[in-house]
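Structural overview
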Amino acid sequence: MNDTIKIYCENTASELHVNPGTSMAQVIAMLAIRNPNPFLAGYVNNRLKELYYKIYSPVSLRFVDITHFEGMRVYQRTLFFVLQKAVSDLFPGQKLHIKHSVAKGFYCEIEGMEDITPDQLRAIDERMRELVAQDIPIIRQRLLSAEAVQLYTKLGMEDKVALLETRPHLYVTLYTMADLSGYFYGALAPTTGYVPLFGLHKYYKGIHLSVPCRTNPSRLENMVPQHKMFDVFSEYTRWVDVLGVATIGVLNTDRADFRPVVERQNHVRQTARDSAADTGAASGTGVVGRLFRRPGAYAAG
């Protein structure tokens, strides 16, 4: 027993002794935990880790599936990666942009493709299902930030380069699926086979990616059109394009130009002043006169 590590599993309220270097996925198999849905990740001493995380010291574990809020995020990020791989395979050189969470799913656009056709949408859907069926491993690796910048520069991903160059970290975490590398803000599932349920629909000029319902993961969320919300997001997108801050990486640099916002704000203020002055002139009082009327001047009679 001296060469083993004691772990505590909150899911089963039990203890287990394992060899150093045992992964979380192996712990699930050793405990034979029965769960209606596959575990996607787990908390190690309350910090979320991938299932291939290896244990070298006594810890407390809690595994999460898609019904957990963090498990749903793992599912979504993994699905984004599968979609990115499908787009990369079918349309080399084109960039996928996951724009907004809308209509109980995610709105996506492919750079350089102004309007997705039904045939293109069908091809993407079929390619994603092929990738899921292949159960491709998703490998997590840590690289020097400088190495990651070189990798993304070679791939032409300027947005990722700008982000990494403005983050004060020596190392970064990258995920690899076959020949595609990705950078994500959180854990991913171990393989593509963990995200079998999804839906793609034509939405405006892009794609709506539907995900499972968290409380009932056997079905997809019903797509509820949110046209006003989409208009707000579209206006937001237009403004970040005007400002030249379409990505966080650019916002973190000194390349952001906020003069259009200041000019628009000044224009709105001046328009308001002119409108108030015109109203005052028509009534013969003006702004100052209205401000300094005696109490009760507006009273009837």
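Note: the structure precedes this text.
Let us look at the structure shown here. (Residues numbered from 1 in each chain as written. Predicted model: local features only at pLDDT ≥ 70, side-chain atom pairs only at ≥ 80, totals over all residues. Heavy atoms only, no water.)

1. Describing the sheet that holds strand β7 (residues 59-64)
Across the sheet, which stays open at both edges, the five strands sit in the order β2-β1-β7-β4-β5 with mixed pairing between neighbours. Of all strands in the sheet, those with a lone pairing partner are β2 (14-18) and β5 (47-49), marking the two edges. The average angle at which neighbouring strand axes cross in this sheet is 35 degrees, direction not considered. Packed onto the sheet, helix α1 (residues 24-31) meets β1 (5-9), β2, β4 (41-44), β5 and β7 and runs at close to 120 degrees relative to β2. The sheet strands contacting helix α2 (residues 69-90) are β4, β5 and β7, and the helix crosses β5 at an angle near 35 degrees. (Pairing = 2+ DSSP bridges. Helix = DSSP H or I, 4+ residues; strand = E, 2+ residues; numbered from the N terminus. Axes fitted to C-alpha atoms, helices over the stretch in contact; angles between N-to-C directions. Contact = heavy atoms within 4.5 Å.)

2. Structural notes on the pattern of salt bridges
What the rule picks out here adds up to 13 salt bridges. As a salt-bridge pair, arginine 140 and glutamate 50 come within 3.4 Å of each other at their nearest N and O atoms. With a gap of 90 residues between them, arginine 140 in strand β10 (residues 138-144) and glutamate 50 in the loop between β5 and β6 (54-55) connect regions that are remote in the sequence. Classification of arginine 140 as partly exposed rests on a relative accessible area of 35%. In this structure glutamate 50 comes out as buried when scored by relative accessible area, which is 5%. For the salt bridge of glutamate 70 with arginine 77, the shortest nitrogen-to-oxygen distance reads 3.8 Å. An identical accessibility class is assigned to glutamate 70 and arginine 77; each is buried. Counted as one network, the salt bridges with shared partners bring together Lys85, Asp89, Arg127, Glu130 and Asp179. (Salt bridge = Lys/Arg side-chain N within 4 Å of Asp/Glu carboxyl O. Buried < 20%, exposed > 50% of the residue type's maximum accessible area, 1.4 Å probe, protein only.)

By themselves, these observations are geometric and do not establish any function.
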